[in-house]
Amino acid sequence: MDKTLYQNYVRILDHELVPALGCTEPIAIAYAAAKARDVLGQFPDSIEMCCSGNIIKNVMGVTVPNSGGLRGIDVAAALGVVGGRADMELEVLESITPEDIERTKRLVAEHFCTCTLQEGVENLYIVAKVKKGEHSAEVTIINRHTLITRIVKDGEVLFEHKASGQSPDCVDKSLLNVRDILAFADEVRLEDVEEIIGRQIELNSAISEEGLRHPYGAQVGRTLLEAYGDDVKVRARARAAAGSDARMGGCSMPVVINSGSGNQGMTVSLPVAEYAREMGASREQLYRALVVSNLIAIHQKKYIGSLSAYCGAVSAACGAGAGIAYLSGATEEEIGLTIVNTIGNVGGIVCDGAKSSCAAKIASSVEAAILAYHMAKRHHSFQPGEGIVQGDVEGTIRSVGYIGRVGMKITDTEILNIMIDRVHVDET
C-alpha cells in the first residue's frame, strides 16, 4: 500500500477515535463556555450561546454528564463556566464537583445563560459569548466539536481559523474507499493502531457493562437480552444499545467516539468485539476488523457531515457489519454487499436529537447490518436501480450521503420546528 495513503489512514484513526465524556453536543457547548471564561479571565456575569439547529436538537433531550441528571443548553454552558476545564476538550466536565452542580442549578434558575437559534450556518455551529461588566469574550466552534475557529476578547480578534469541512490536521478523508480500507486493514502494523483501538475496546466495553448492570434510559440493551436470549446476534445489538442507554442517561464514563459521536463509536466497535468473542478470534483479528468498521463508518460520514437528519447509527452499523464480515473472512464483494444491503434497508432512519431512543435506533441498525451480512454471504443483495442502490458500493455510499447532506435538509428543519414548538402537528 502507498506509504502516504497508509499514513493518512493511520492519522484518520488517530484523529477520529478520541475519548469523550458524555454526549458530544452538550460537551462541545461546555467546552466553548469554559474556553470563553478562560479568555475573559474572570467569572462572567452572563453567557449567551448562539447555536445551530442541529446542536439545539442534540442537546434538548440528553442528560449532561456529571450534572446530577440535569438537561439543557443552559445547564451545559453554565456547568462549563463553573467547573469546566477547557484543556481537557471533550472531557471538559470530568472534574465537576457536587458544589459545581449546586452552583450551576442556582445560575440556571437566575437565567445566567440565554440561547438563540442561529440560522443559515453550518450544521455544527456554536458561539459562546461571556460578559463581565464592560469586558467580553467570544469563542466560536464550527464543523467539529473541538474545532475553535475564532476567539475574540473585548472586540479584538485574538485567533481566527478559516472553517472548512477538511480537518486542520493534514487528514484527507477524500482518500477513503472500501477497497483501500480493506487493503489497509490487511497490511496495517498493529503497533500503529493498537493504542487507539485498544482504548476503544476498553472504554466502550466498560460503559456497555455499566448500561447492562443498571437501569439507564429506556433500558433497550437489558430488554434485548431479557426478551430475546443470549444468541450472539442479540448480544451484539444489546452491547451497543446498553452503552447508549448509559451515555444518553448521563453516565459519566468516557467512550471513544467515531465521526464526532459516542453513539457511533459504540456502534462500530461493540458488535464486532462481541462477534470476535463468540468466534474465539485473536486480538490481531479483532483489531484489524475494528480498523475496517471504524474507517467504513468514517468513509460514509464524510459525505453526510457531522450532524444531519440522517441517523448516524446507520452509517456506524454499516461499519460494524463490514467489520463482522471481515472478521468472518468475507471477500471484498461480500463486504461491499453488506454495506449496500444495510443502506438499502434502514437508510431512512431520522435523527431527532440525542436521547434515550438512540439506543433503540442503534439496535435496529445493527440488526439490519447483521441481516445484510448474512444476505451477502449467500450472494443475496438489493440490485442497482432499486431505490437509492447504485451500481457499486461506492456509488451507493455517495447516494445516501447526498440524501443525508442535501435531501434531508428540510426534514432536519421541520424536526427542529416540532421539537421547539414552532409548529403544532394537528390530528389530520
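Residues numbered from 1 in each chain as written. Predicted model: local features only at pLDDT ≥ 70, side-chain atom pairs only at ≥ 80, totals over all residues. Heavy atoms only, no water.

**A look at the packing of aromatic side chains**
- Going through the model one piece at a time under the given rule, you end up with 3 aromatic pairs.
- Relative to Phe184, the ring of Tyr6 has its centre 5.2 Å away and its plane inclined at 65°; by these criteria the two rings are edge-to-face. Placement of the pair is Tyr6 in helix 1 (residues 3-16) and Phe184 in helix 6 (residues 178-187), with a sequence separation of 178 residues. The pair formed by Tyr6 and Phe184 is uniform in burial state, with each residue classed as buried.
- A ring pair is formed by Phe43 and Phe112, whose centres lie 6.0 Å apart and whose planes are at 25°; its orientation type is stacked. Residue Phe43 is found in the loop between helix 2 (24-40) and strand 2 (46-51), and its partner Phe112 is found in the loop between helix 5 (98-109) and strand 3 (113-117); the two are separated by 69 residues along the sequence.
- Since its relative accessible area comes to 5%, Phe112 is described here as buried. (Phe/Tyr/Trp six-rings, centres within 6.5 Å; stacked < 30°, edge-to-face > 60°. Helix = DSSP H or I, 4+ residues; strand = E, 2+ residues; numbered from the N terminus. Buried < 20%, exposed > 50% of the residue type's maximum accessible area, 1.4 Å probe, protein only.)

**What about empty space enclosed by the protein?**
- Scanning the model with the defined rule gives 1 cavity of 30 Å³ or more in all.
- Roughly 340 Å³ of volume is contained in the largest cavity.
- For the largest cavity, the lining is made up of 28 residues, of which Asn58, Ser261, Asn263, Gln264 and Cys351 are closest to its centre.
- Mapped by element, the contributors of at least two residues to the lining of the largest cavity are helix 2, helix 9 (232-248), helix 10 (262-279), helix 12 (312-327) and helix 14 (358-377). (1 Å grid on protein atoms, 1.4 Å probe; cavity = no way out; pocket = protein on both sides within 12 Å on 5 of 7 lines; lining within 4 Å. Points joined across faces, edges and corners; volume = space filled by probe spheres on them.)

**Notes on the pattern of salt bridges**
- Inspection of the entire model under this criterion finds 22 salt bridges.
- Two residues, Arg37 and Asp38, come together in a salt bridge whose shortest N-O distance is 2.8 Å.
- Overall, the relative accessible area of 41% leaves Asp38 in the partly exposed class.
- Across the salt bridge formed by Glu210 and Arg213, the nearest N and O atoms sit 3.4 Å from each other. With Glu210 and Arg213 both in helix 7 (residues 190-213) and 3 residues apart, this pair spans about one turn of that helix.
- By relative accessible area, Glu210 is classed as buried at 14%.
- Assessed through its relative accessible area of 52%, Arg213 is described here as exposed.
- What you see here is one network of salt bridges that share partners, running through Glu209, Asp230, Arg235, Arg239, Glu274, Arg277 and Glu278. (Salt bridge = Lys/Arg side-chain N within 4 Å of Asp/Glu carboxyl O.)

**Description of helix 11 (residues 283-304)**
- For helix 11, spanning 22 residues, the distance from its first C-alpha to its last is 32 Å, which sits close to the expected 32 Å at 1.5 Å a residue.
- Within helix 11, 17 of the 22 residues are buried, which leaves the element mostly enclosed by the surrounding structure. (Expected span 1.5 Å × (residues − 1).)

**Section: the pairing of strand 4 (residues 125-132)**
- As paired elements, strand 2 and strand 4 share 6 bridges and run antiparallel to each other. Its bridge partner being in strand 4, Met49 is matched across the sheet by Ala128.
- Alignment of strand 4 against strand 5 (residues 135-142), held across 8 bridges, turns out to be antiparallel. Across the sheet, Lys132 pairs through a bridge with His135, a residue of strand 5.
- Following strand 4, the chain reverses through 2 residues before pairing antiparallel with strand 5; Gly133 in that reversal takes a positive phi of roughly 60°. (Pairing = 2+ DSSP bridges.)

**Remarks on the packing of helix 4 (residues 73-83) against helix 5**
- Two numbers describe how helix 4 lies on helix 5: the axes approach to 9 Å, and their chain directions differ by 130°. Classed by the angle they form, the pair helix 4 and helix 5 counts as oblique. In this structure, the crossing between helix 4 and helix 5 has a hand that is right-handed. Taken together, the residues of helix 5 that come into contact with helix 4 (itself represented by Asp74, Val75, Ala78, Leu79, Val82 and Gly83) are Asp100, Ile101, Arg103, Thr104, Leu107 and Val108.
- Along the lines of polarity and charge, the residues of the contact of helix 4 with helix 5 split into 7 nonpolar, 2 polar and 3 charged. (Axes fitted to C-alpha atoms, helices over the stretch in contact; angles between N-to-C directions. Parallel < 35°, antiparallel > 145°, perpendicular 65-115°, else oblique. Left-handed = near helix turned anticlockwise from the far one by under 90°. Contact = heavy atoms within 4.5 Å. Nonpolar A, V, L, I, M, F, W, Y, C, P; charged D, E, K, R; others polar.)

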